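These are the residues of each chain, in order.
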Amino acid sequence: LTSLTPLIGFALVGCAAAAIQADAGTALALLLFSGVGLLAPPVLSHALARRWGREEDWLRYATAYNWVQCVLPLTAVPLLIAIALMVQLGFTPAAAVGVGLVGLFGYTLFLGWVVARHGLDLSRGRAARFVAMVTIGTYVVASVPGWIMAIANGSAG
């Protein structure tokens, strides 16, 4: 739980900023999205670890995973520098940001793979499947509050 504290703090600051800059509905949606996004990976990873006979290693994995997520914002500085350099080299700002985001996503997946591989003692392929399943599952589960808000607002067909 201690490793979740900074992540919860980041989410609460983001929600407070949204509440100040936007309406309460947007802040509530962000809070739901953040909460689900924070809790889905540990829940999904625990289910997979248990299914694959790695439940005894899960707490070590989950703690390392959370601390890695805390470190990811530190990649913003080199990422912004790389984006600025790409723009100076002739990339359009949109293309530079796109390349930067793809790089950040790849780096995030790589770190998740390393943590899964060593934290749960998985083979390379099984760690890759584990990260893919947790990432896709988190995306689907975290999207549900947005879908509900869209349906409630009548904007979803």
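Each remark here, short or long, concerns the structure printed above.
Residues numbered from 1 in each chain as written. Predicted model: local features only at pLDDT ≥ 70, side-chain atom pairs only at ≥ 80, totals over all residues. Heavy atoms only, no water.

Chemist: Sorry, what's going on with the pattern of salt bridges here?
Modeler: Pairs may arise between side chains of opposite charge once their charged atoms sit close together. Within the structure shown, the criterion is met by 1 salt bridge. Asp-57 is the salt-bridge partner of Arg-60, the closest N and O atoms lying 3.2 Å from each other. Here the residue Arg-60 and the residue Asp-57 both occupy positions in helix α3 (residues 55–71), the gap between them amounting to 3 residues, near one helical turn. The partly exposed category is assigned to Arg-60, whose relative accessible area is 48%. (Salt bridge = Lys/Arg side-chain N within 4 Å of Asp/Glu carboxyl O. Helix = DSSP H or I, 4+ residues; strand = E, 2+ residues; numbered from the N terminus. Buried < 20%, exposed > 50% of the residue type's maximum accessible area, 1.4 Å probe, protein only.)

Chemist: Whenever I open this one, helix α2 (residues 24–51) confuses me. Can you help?
Modeler: An α-helix turns once every 3.6 residues. As a result, residues three or four positions apart point the same way. Relative to the 40 Å expected for 28 residues at 1.5 Å per residue, α2 spans 40 Å between its end C-alpha atoms, a close match to the ideal helical length. Along its length, α2 reaches its greatest deviation from straightness, about 30 degrees, at Ala-40, and the proline Pro-41 lies no more than four positions downstream. Residues of α2 that are buried include every one of Ala-27, Ser-34, Leu-38, Ala-40, Pro-41, Pro-42, Ser-45, Leu-48 and Ala-49, and no others. Looking one or two places after α2, you find Gly-53, whose phi comes out positive at around 70 degrees. (Expected span 1.5 Å × (residues − 1). Bend = angle between axes of the 7 residues up to and from the residue.)

Chemist: Can you help me understand unusual backbone geometry in this one?
Modeler: Trans is the common state for peptide bonds, and a negative phi is the common state for residues other than glycine. Residues other than glycine seldom take positive phi values, yet Asp-121 does so here, at roughly 55 degrees. Mapped onto the secondary structure, Asp-121 falls in the loop between α5 (93–119) and α6 (124–152).

Chemist: I'm lost on α3 in this one. Help?
Modeler: The terminal C-alpha atoms of α3 lie 25 Å apart, and with 17 residues this matches the ideal 24 Å at 1.5 Å per residue to within 8%. Taken as a whole, α3 has its buried residues at Asp-57, Trp-58, Tyr-61, Ala-62, Tyr-65, Asn-66, Val-68, Gln-69 and Cys-70.

Chemist: Explain a nonpolar patch on the surface to me, please; I cannot follow it from the model alone.
Modeler: Where nonpolar side chains cluster on the molecular surface, the patch consists of Ile-136, Tyr-139, Val-140, Val-144, Trp-147, Ile-148 and Ile-151 and spans about 750 Å² of accessible area. Assignment of secondary structure puts Val-144 in helix α6. In this structure Val-144 comes out as partly exposed when scored by relative accessible area, which is 34%. (Patch = residues over 30% accessible without salt bridge, like charges linked within 9 Å, V, L, I, M, F, W, Y side chains within 5 Å. Areas by Shrake-Rupley, 256 points an atom, 1.4 Å probe, with all protein chains shown as cover.)

Chemist: Mind showing me how you'd approach the nonpolar core here?
Modeler: Soluble globular proteins tend to bury their nonpolar side chains together. One finds Tyr-61, Ala-116, Leu-120, Leu-122 and Phe-130 to be the most contacted residues of the largest nonpolar core, which totals 18 residues. When contributions to this core are tallied by element, the ones reaching two or more residues are α2, α3, α5 and α6. Broken down by element, this core gets its largest block of residues, 5 residues, from α3. Ignoring anything within four residues of it in the chain, the contact list for Tyr-61 reads Ser-45, Val-115, Ala-116, Gly-119, Leu-120 and Phe-130. (Core = buried A, V, L, I, M, F, W, Y, C linked by side-chain atoms within 4.5 Å. Contact = heavy atoms within 4.5 Å.)

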